[in-house]
Amino acid sequence: MREPANEPRCRVVVGVSGGSCSLTALHRAADEARMRGAELWVVLAWQPVGSGLGRRSSAVPALYADCRSVAVERLRGILDTAFGAMKPGVTLAGLTVCGTAGAALVDVARHSQDLLVVGTGKGGRLRRSLRPSVARYCLAHAPCPVLTVPPSPLEADLAAAHRRNVWRIPLDTRELAE
């Protein structure tokens, strides 16, 4: 079966949430798109306020439209934070999708020649039990290659500095020499 003419031959699809881990994945996806000569599709999944488990009624249309416009503005903010005045050097498409993150990403990256890029995020047993892993969902369901991007090594240093400040632990200057 032939693909429609408006579908690109090769796309790099990346999921973003606005967190530092997703920004790391976004920059890696931009690098991959440049190397492959592909379009970069940046996807922000969102859900209407009040949706979720146990919810019987659908969202009011006005509320749905408001939630969508908030998601669009959030995506613009994420792209501005990631790239600022500099351009990523590839054709960029931003897309907001109503749904869970994993399902939305797999739906967008539906062609075998696509590359799906997802951040692995910060782990932890409690966090994994409360929120399923988007990366695991994509690895299990995507029809295309999936590149998982771990958090930046600077994340651990930033978290340690934050804990030190919260607990008012003085900085040992010998740590800086290591």
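In this text, all values refer to a predicted model and were calculated from it rather than measured experimentally.

1. A word on the sheet that holds strand β1 (residues 11-15)
The sheet built from 5 strands is open, its strands ordered β3-β2-β1-β4-β5 with parallel pairing. If you trace the sheet from one side to the other, it starts and ends with β3 (92-98) and β5 (146-149), each paired once. On average, each strand axis in the sheet is tilted by 25 degrees relative to the strand beside it, whichever way the strands run. Pairing analysis gives 3 bridges linking β1 to strand β4 (residues 115-119), with the strands arranged parallel. Across the sheet, residue Val-13 finds its bridge partner in β4, namely Leu-116. Relative to the sheet, helix α1 (residues 20-36) contacts β1, β2 (39-46), β4 and β5, its axis offset from that of β1 by approximately 180 degrees.

2. Brief notes about helix α3 (residues 101-108)
Turning to α3, its buried residues number three or more, namely Gly-102, Ala-104, Leu-105, Val-106 and Val-108. Each element contacted by the buried residues of α3 is listed here: β1, β2, β3, β4 and α5 (134-141).

3. Looking at the packing of aromatic side chains
Here the structure, examined in full by the defined rule, presents 1 aromatic pair. Seen in terms of ring centroids, Trp-46 and Tyr-64 are 5.2 Å apart; in terms of plane orientation they differ by 55 degrees. Their pairing is tilted. With Trp-46 in strand β2 and Tyr-64 in helix α2 (residues 61-83), the pair connects residues that are 18 residues apart, well separated along the chain. Owing to a relative accessible area of 8%, Trp-46 belongs among the buried residues under this scheme. Given the relative accessible area of 36%, Tyr-64 is considered partly exposed. Directly above the aromatic system of Trp-41 lies the positively charged group of Arg-11, at a separation of 4.2 Å from the ring centroid.

4. Some thoughts on the state of the cysteines
In this structure the tally under the stated criterion is 0 disulfides. Free cysteine: Cys-138, not disulfide-bonded; nearest cysteine sulfur from Cys-144 at 8.6 Å.

5. Considering the pairing of β2
Most of β2 sits out of view: 6 of its 8 residues are buried. For β1 and β2, the ladder comprises 5 bridges, and the chain directions are parallel. The residue of β2 that forms the bridge with Arg-11 is Glu-39. In terms of handedness, the path from β1 via α1 over to β2 forms a crossover that is right-handed.

6. Some points on the pattern of salt bridges
This model, assessed by the stated rule, comprises 5 salt bridges. Its salt-bridge partner being Glu-32, residue Arg-28 comes within 3.2 Å of it at the nearest N-O pair. Residue Arg-28 and its partner Glu-32 are both found in helix α1; the two are separated by 4 residues, about one turn of the helix. Under the relative-accessibility criterion, Arg-28 is labelled partly exposed at 36%. Overall, the relative accessible area of 8% leaves Glu-32 in the buried class. Of the charged contacts in the structure, one is a salt bridge between Glu-32 and Arg-36, with a shortest N-O distance of 3.2 Å. Of this pair, Glu-32 and Arg-36 both sit in helix α1, 4 residues apart, which is roughly one turn of the helix. By relative accessible area, Arg-36 is classed as partly exposed at 44%.

Reading the values: rules and limits
Residues numbered from 1 in each chain as written. Predicted model: local features only at pLDDT ≥ 70, side-chain atom pairs only at ≥ 80, totals over all residues. Heavy atoms only, no water. Pairing = 2+ DSSP bridges. Helix = DSSP H or I, 4+ residues; strand = E, 2+ residues; numbered from the N terminus. Axes fitted to C-alpha atoms, helices over the stretch in contact; angles between N-to-C directions. Contact = heavy atoms within 4.5 Å. Buried < 20%, exposed > 50% of the residue type's maximum accessible area, 1.4 Å probe, protein only. Phe/Tyr/Trp six-rings, centres within 6.5 Å; stacked < 30°, edge-to-face > 60°. Lys NZ or Arg CZ within 6 Å of the ring centre and 35° of its normal. Disulfide = S-S within 2.5 Å. Right-handed = clockwise from strand over helix to strand, strands pointing away. Salt bridge = Lys/Arg side-chain N within 4 Å of Asp/Glu carboxyl O.

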